[in-house]
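Structure assessment
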Amino acid sequence: KYGAHIFHTQMDHVWDYVQQFSEWTPYEHEVVANVGGIEVPVPANITTVNALYDASISSSEEMDAWLEDERAASQKPSQEECGHGE
């Protein structure tokens with residue numbers, strides 16, 4: 001009669017109480033973005049980087065190292081910025 005509703009609680013006693021009255025369908029909210037035809041999770045995480053950069057990062061430590069490498073690479077001046085461009 002009223003359509004779908006989303007219910008959220010982290011309190012076990014509340015969850016136990018509401019389950020007495022109805023069946024519940026599990027639901028997990030997921031936000032994705034379409035970047036160049038590739039659907040990736042938002043906010044960005046390891047899965048996002050792996051999908052967009054064809055990487056194979058599997059840990060927080062590897063992600064930190066990848067981010068540091070990217071940051072360092074983006075701070076290097078180009079040949080043109082150094083006056084060596086054509």
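Residues numbered from 1 in each chain as written. Predicted model: local features only at pLDDT ≥ 70, side-chain atom pairs only at ≥ 80, totals over all residues. Heavy atoms only, no water.

**Quick look at the packing of aromatic side chains**
For the structure shown, the criterion picks out 5 aromatic pairs. Among the aromatic residues, ring-to-ring pairing joins Phe7, Trp15 and Trp24 into one connected group. (Phe/Tyr/Trp six-rings, centres within 6.5 Å; stacked < 30°, edge-to-face > 60°.)

**Observations concerning the environment of Pro26**
You can see Pro26 is positioned in the loop between helix H1 (12-18) and strand S1 (32-35). In this structure the C-alpha to C-alpha distance between Pro26 and Ser74, which are 48 residues apart in sequence, comes to 43 Å. (Helix = DSSP H or I, 4+ residues; strand = E, 2+ residues; numbered from the N terminus.)

**Quick word on the pairing of strand S2 (residues 38-41)**
As judged from the 4 bridges shared by S1 and S2, these two strands associate in the antiparallel manner. Among the inter-strand pairings, Val35 is bridged to a residue of S2, identified as Ile38. Between S1 and the antiparallel strand that follows it, S2, lie 2 residues; Gly36 among them carries a positive phi value of about 60°. (Pairing = 2+ DSSP bridges.)

**What to know about the layout of surface pockets**
Counted as a void, the largest pocket has a volume near 450 Å³. Lining of the largest pocket is provided by 17 residues; of these, Phe7, Trp24, Thr25, Pro26 and Tyr27 occupy positions nearest its centre. A breakdown of the residues in the lining of the largest pocket according to their chemical character gives 8 nonpolar, 6 polar and 3 charged. (1 Å grid on protein atoms, 1.4 Å probe; cavity = no way out; pocket = protein on both sides within 12 Å on 5 of 7 lines; lining within 4 Å. Points joined across faces, edges and corners; volume = space filled by probe spheres on them. Nonpolar A, V, L, I, M, F, W, Y, C, P; charged D, E, K, R; others polar.)

**Details of helix H2 (residues 46-53)**
Within the span of H2, buried status applies to Thr48, Val49 and Asn50. Residues of H2 that are buried sit in contact with S2 and helix H3 (60-75). With a side-chain oxygen lying 2.9 Å from the backbone nitrogen of Thr47, the N-terminal cap of H2 falls on Asn45. Once H2 finishes, Asp54 follows within two positions and takes phi at roughly 50°, a positive value. (Buried < 20%, exposed > 50% of the residue type's maximum accessible area, 1.4 Å probe, protein only. Contact = heavy atoms within 4.5 Å. Polar contact = N/O pair within 3.5 Å; in protein donor to acceptor, adjacent residues only side chain to side chain.)

**Looking at the environment of Glu30**
With respect to the secondary-structure elements, Glu30 resides in the loop between H1 and S1. Sequence-wise, Glu30 and Val42 are 12 residues apart; in three dimensions their C-alpha atoms are separated by 8.0 Å.

**Considerations on a nonpolar patch on the surface**
Judged by side-chain polarity, Val35, Ile38, Leu52 and Tyr53 come together as a nonpolar surface patch covering roughly 330 Å² of accessible area. Within the fold, Tyr53 resides in helix H2. A relative accessible area of 51% means that Tyr53 is categorised as exposed. (Patch = residues over 30% accessible without salt bridge, like charges linked within 9 Å, V, L, I, M, F, W, Y side chains within 5 Å. Areas by Shrake-Rupley, 256 points an atom, 1.4 Å probe, with all protein chains shown as cover. Salt bridge = Lys/Arg side-chain N within 4 Å of Asp/Glu carboxyl O.)

Spatial relationships are all this shows, so hold off on functional conclusions.
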